[in-house]
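The chain contents come next:
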There are 2 protein chains.
Amino acid sequence: MGVKDIASKLKNKGLKVTPQRIAVLEALDGNNSHPNAEFIIKKIKNNNPSISVGTIYNILDTFVEKEVIAKVHTDDNVMRYDPLMQDHHHILMKDSDKVVDYFDDELTALVKDYLRGKKELSDIEIESVKINIIGK
Amino acid sequence: MGVKDIASKLKNKGLKVTPQRIAVLEALDGNNSHPNAEFIIKKIKNNNPSISVGTIYNILDTFVEKEVIAKVHTDDNVMRYDPLMQDHHHILMKDSDKVVDYFDDELTALVKDYLRGKKELSDIEIESVKINIIGK
DNA sequence: ATTCGTGCAAACCGTTTGCAAGGGA
DNA sequence: TCCCTTGCAAACGGTTTGCACGAAT
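Residues numbered from 1 in each chain as written. Chains lettered and ligands numbered in written order. Predicted model: local features only at pLDDT ≥ 70, side-chain atom pairs only at ≥ 80, totals over all residues. Heavy atoms only, no water.

1. Overview of the protein's contact with DNA strand C
Near DNA strand C you find 17 residues, and of these Y57(A), M79(A), T18(B), Q20(B) and R21(B) are the closest. Here the atoms of DNA strand C within 4 Å of the protein split so that 84% fall in sugar or phosphate, with bases taking the remainder. Taken together, the elements giving at least two residues each to the surface near DNA strand C come down to helix 4 (53-65) of chain A together with helix 2 (19-28) and helix 4 (53-65) of chain B. For the surface near DNA strand C, the element with the highest residue contribution is helix 4 of chain A, accounting for four residues. (Near = heavy atom within 4 Å. Helix = DSSP H or I, 4+ residues; strand = E, 2+ residues; numbered from the N terminus.)

2. Comments concerning the packing of helix 3 (residues 37-47) of chain A against helix 4 of chain A
Residues and elements named next belong to chain A. Closest axis-to-axis distance for the helix 3/helix 4 pair is 11 Å, and the angle between their directions is 120°. On the basis of the axis angle, helix 3 is oblique to helix 4. The two elements helix 3 and helix 4 meet at a crossing, and its hand is right-handed. Seen from helix 3, the contacting residues are A37, I40, I41 and I44; seen from helix 4, they are V53, I56, Y57 and L60. (Axes fitted to C-alpha atoms, helices over the stretch in contact; angles between N-to-C directions. Parallel < 35°, antiparallel > 145°, perpendicular 65-115°, else oblique. Left-handed = near helix turned anticlockwise from the far one by under 90°. Contact = heavy atoms within 4.5 Å.)

3. Things to note about the interface of chain B and chain A
Interface size, as often reported, equals the accessible area lost upon joining of the parts. The partner chain A presents 34 residues to the 34 residues of chain B that form the contact. A combined buried area of about 3,300 Å² lies between chain B and chain A, and 57% of that area is made up of carbon and sulfur atoms. Measuring nitrogen to oxygen at the nearest pair gives 3.8 Å for the salt bridge that ties K118(B) to D104(A). Sorting the residues of the side of chain B that touches chain A by element identifies strand 3 (89-93), helix 5 (105-116) and strand 5 (126-135) of chain B as the ones contributing at least two each. Per element, the largest residue contribution to the side of chain B that touches chain A is 10 residues, and it comes from strand 5 of chain B. (Buried area = accessible area lost by both parts, 1.4 Å probe. Salt bridge = Lys/Arg side-chain N within 4 Å of Asp/Glu carboxyl O.)

4. Quick word on the domain arrangement of chain A
Residue and element names in this part refer to chain A. Looking at chain A, the domain boundaries give domain 1 (1-84) and domain 2 (86-136). Taking only C-alpha atoms into account, the centre of domain 1 sits 25 Å from that of domain 2. On the side of domain 2, eight residues touch domain 1, which itself brings eight residues to the contact. Taking both partners together, domain 1 and domain 2 bury about 600 Å²; carbon and sulfur atoms supply 56% of that area. Ranking the residues of domain 1 by area buried against domain 2 places H34, T74 and L84 at the top, with a combined share of 61%. On the surface where domain 1 and domain 2 come into contact, there are zero salt bridges. The interface formed by domain 1 and domain 2 contains five residue pairs in polar contact (both at pLDDT 80 or more). Along the lines of polarity and charge, the residues of the side of domain 1 that touches domain 2 split into two nonpolar, four polar and two charged. (Domains from an automatic or database assignment. Polar contact = N/O pair within 3.5 Å; in protein donor to acceptor, adjacent residues only side chain to side chain. Nonpolar A, V, L, I, M, F, W, Y, C, P; charged D, E, K, R; others polar.)

5. Here we look at helix 1 (residues 3-12) of chain B
All names here are of chain B. Among all positions of helix 1, only I6, A7 and L10 are buried. All buried residues of helix 1 lie within an arc of 100° about the axis, which places them on one face of the element. Every exposed residue of helix 1 that faces more than 90 degrees away from the buried side is listed here: K4, K11 and N12. Of the surrounding secondary structure, the elements contacted by the buried residues of helix 1 are helix 2 and helix 4. Looking one or two residues past helix 1, G14 carries a phi angle of roughly 75°, positive in sign. (Buried < 20%, exposed > 50% of the residue type's maximum accessible area, 1.4 Å probe, protein only. Arc of directions from axis to C-beta.)

6. Quick word on helix 3 of chain A
Structural remark: α-helix, 3.6 residues per turn; residues separated by three or four positions point the same way. Residue and element names in this part refer to chain A. Looking only at helix 3, the buried set comprises A37, I40, I41 and I44. All buried residues of helix 3 project into a common sector of 100° when viewed along the axis, lining one side. For helix 3, the exposed residues set more than 90 degrees away from the buried face come down to K42 and N46. Buried-residue contacts for helix 3 involve helix 2 (19-28), helix 4 and strand 2 (80-82).

Following this line, the structure appears as structure tokens:
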């Protein structure tokens, strides 16, 4: 994803294009492994040592709010971020802290269809379904 | 769950039975809403003001390690604990921080069976499947 | 005697916040 | 001018850690 694409992505969300925001998105880009803030900060500081930690947190928060990225929940109590906004699931291996994306629209549809047929859930409008596959 | 049941549960896991551990399990018991440490601490301090915060964290950690309870991941960066060890799923409402348990063995089996048929996943031994249903 | 569990308090560290300054519309 | 964004540093707060004491085996 080039800088141009990033810029238009930001504009589409009503966000101003700044070097810091571009740097954050670039750091997230091409990471299919859900980096935490620390990783992002380090990666950015390589090319852009003057960017400040608070700013990065702020940017990440606004991105989450504007749904440019998503938070991911793992065992450790640190924020992790997922640049992929398409519906997808996660595979977690029990003895490592890696989180691998798993795309399977058929599975998503299968589960959603099943849930739609459940009367206990009839008062809930299901927005999405996230499946964690725990392997060993 | 009585004190006696709690005691034998601890013994089965090779854990010594202490008043503090009983207090923690009692505080967790009957909570199907995934309390965080703060809630647990407050609840315990009512009857047992002398118990210490560090101890409660220690106990929760050992319980997780011995699989007496499980951690739950939510948006806020605080530990939450789930006293229910049976396979189950979670319903999360987008505009509240509540997590509701959802039991559905049929759904679990449906997904597991589906995944077993996937060749991409053939090198993974699936231990369990956790589904988060996000509603609005 | 050794191991395990607890209480206490300090330390830790990831994250948040306040504020002043810069920059674009 | 006004509003948004950044940098910096201090503060925050949930969690962890170190240590000494006590209990149990």
